[in-house]
There are 2 protein chains.
Amino acid sequence: MQAEPILQQLMQALRCLPGVGKKSAQRMAFHLLERDRQGAFQLAQSLAEAVDKVGNCTICQTLTSTGICSLCSDERREQQILCVVETPVDVMAIEGATSYKGLYFVLNGRLSPLDGLGPAEIGLDKLAERIKLGEIKEIVLATNPTIEGEATAHYISEMAKKHHVKATRIAHGVPFGGELEYIDSGTLSHAFSGRSEV
Amino acid sequence: MQAEPILQQLMQALRCLPGVGKKSAQRMAFHLLERDRQGAFQLAQSLAEAVDKVGNCTICQTLTSTGICSLCSDERREQQILCVVETPVDVMAIEGATSYKGLYFVLNGRLSPLDGLGPAEIGLDKLAERIKLGEIKEIVLATNPTIEGEATAHYISEMAKKHHVKATRIAHGVPFGGELEYIDSGTLSHAFSGRSEV
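The rules we used
- Residues numbered from 1 in each chain as written.
- Chains lettered and ligands numbered in written order.
- Predicted model: local features only at pLDDT ≥ 70, side-chain atom pairs only at ≥ 80, totals over all residues.
- Heavy atoms only, no water.
- Helix = DSSP H or I, 4+ residues; strand = E, 2+ residues; numbered from the N terminus.
- Contact = heavy atoms within 4.5 Å.
- Domains from an automatic or database assignment.
- Buried area = accessible area lost by both parts, 1.4 Å probe.
- Salt bridge = Lys/Arg side-chain N within 4 Å of Asp/Glu carboxyl O.
- Polar contact = N/O pair within 3.5 Å; in protein donor to acceptor, adjacent residues only side chain to side chain.
- Nonpolar A, V, L, I, M, F, W, Y, C, P; charged D, E, K, R; others polar.
- Least-squares fit on C-alpha atoms with pLDDT ≥ 70 in both.
- Pairing = 2+ DSSP bridges.
- Axes fitted to C-alpha atoms, helices over the stretch in contact; angles between N-to-C directions.
- Phe/Tyr/Trp six-rings, centres within 6.5 Å; stacked < 30°, edge-to-face > 60°.
- Buried < 20%, exposed > 50% of the residue type's maximum accessible area, 1.4 Å probe, protein only.

## Thoughts on the environment of A29 of chain B
Residue and element names in this part refer to chain B.
Alright, step 1. Considering the arrangement of structural elements, one finds A29 in helix α2 (residues 22-35).
Alright, step 2. Linking A29 and G186, residues 157 residues apart in sequence, is a C-alpha distance of 42 Å.
Alright, step 3. Once residues lying within four places of it in the same chain are set aside, the contact partners of A29 are L10, M11 and L14.

Written out as structure tokens, the structure reads:
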């Protein structure tokens, strides 16, 4: 038996959420309609409002509803250090965990030529313009330690070198609280080659 | 760092979905806004439409947008056999898997006095009225094999007995393709006590 068109449409729409397949979508649709109509209504409103109002910060490209995001417009932040990350979530993670007080630049992902993501697509031309302004003295490369992330970091470090700006990369190695025995070989070899004097 | 109010509100709203916690909600919100705005817009629309239009079938209580659902209004279905289930999803499961051709009655859950769910709350008064009409000859009890589900089935079977209607319970035992070694003890003991002659 097929569900009603409206229900089918809702289940299909729910599948746009990451990690939600056919079964989960069905469970969600019935849960909302049977048990939480208020929540469903609220969700519909929040989604519509977010889609309508949230855009990219014109300076750092993170998601914001105010044209220029709160971090870029905060004059107390150090204006000479710029941390480059892959997504807006990374900004939140860094803000939540570290005492970093500089500015951010959010790439629209990472270099991935096979997926058609070249320098222009992820906003590196915009980053180049920003570096050219001359205010930035250090670029902290905080892209993910994947092949594409490393390639992106390398590309930006070359860009920085050309404009005589210092580029630094966040440390990669054995995670805090991790046990050597269970660490994957890539991380362990990275940790060895990146060892520093104590 | 706190996200913007609109983003925070969206993340909070997403948590009304079953199985979605703080991290998943964050991932979903950013995924939608960064990668799938069309999907988010569609989801908002579908949710609003479903909340607005989908209600309960006035006869069987399943979810429908047409007052009386397609199954209840289908005159080709056997009108004398009524299958009682806990939720609308169960109707879809039975329709998809079996060749049952009778009608359904969807309880609004199951008897659970501790949660304040008595006979009236789950619609058993409505079921009683339907039985009294005298058209139903057999009630198939397809509530879940949990303690509450069994209690609900027992309650309905007593109700059926009072009106001289036959009540049957779907079979419970070792699932098809299951291996005895890995079956839980409750199911196994149920399968033994419910054995039938071959």
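## Some thoughts on the domain arrangement of chain A
Alright, step 1. According to the domain assignment, chain A contains domain 1 (5-53) and domain 2 (63-197).
Alright, step 2. Relative to domain 2 of chain A, the C-alpha centre of domain 1 of chain A lies at a distance of 34 Å.

## Brief notes about the interface of chain A and chain B
Alright, step 1. Of the residues lining the interface, 55 residues belong to chain A; the matching set on chain B comes to 55 residues.
Alright, step 2. Summed over both partners, the interface of chain A with chain B buries about 5,100 Å², with 70% contributed by carbon and sulfur atoms.
Alright, step 3. Applying the counting criterion to the chain A and chain B interface returns 0 salt bridges.
Alright, step 4. Linking chain A to chain B there are 8 residue pairs in polar contact (both at pLDDT 80 or more).
Alright, step 5. The set of elements that each furnish at least two residues to the side of chain A that touches chain B consists of α1 (5-14), α2 (22-35), α3 (37-53), β2 (63-64) and α4 (88-97) of chain A.
Alright, step 6. By residue number, the principal contributor to the side of chain A that touches chain B is α3 of chain A, which donates 14 residues.
Alright, step 7. Tallied by class, residues from the side of chain A that touches chain B come to 31 nonpolar, 15 polar and 9 charged.

## Overview of the relation of the copies chain A and chain B
Alright, step 1. Of the transformation placing chain A onto chain B, the axial shift is 0.1 Å and the rotation is 180 degrees, giving an RMSD of 0.1 Å. With respect to symmetry, the two chain copies, as superposed, fit the operation of a two-fold axis. Residue A44 of chain A, judged by its C-alpha, is the member of chain A lying nearest the rotation axis, at 2.1 Å.

## Description of the sheet that holds strand β4 (residues 103-106) of chain B
Residues and elements named next belong to chain B.
Alright, step 1. Taken in spatial order, the 4 strands of this open sheet run β4-β3-β5-β6, and their pairing is parallel. The open sheet terminates on both sides in strands that have one partner only, identified here as β4 and β6 (166-169). Between one strand axis and the next, the sheet turns through 25 degrees on average, direction left out of account.
Alright, step 2. Taken together, the 4 bridges between strand β3 (residues 81-85) and β4 define a ladder with parallel strand orientation. Within β4, the residue paired with C83 across the bridge is Y104.
Alright, step 3. Strands β3 and β4 of the sheet are contacted by helix α4 (residues 88-97), whose axis makes an angle of about 155 degrees with β4.

## Brief notes about the packing of aromatic side chains
Residues and elements named next belong to chain A.
Alright, step 1. This model, assessed by the stated rule, comprises 2 aromatic pairs over all chains.
Alright, step 2. Relative to Y104, the ring of Y100 lies with its centre 5.2 Å away and its plane at 70 degrees, an arrangement referred to as edge-to-face. You'll find Y100 and Y104 in the same group, each marked buried.

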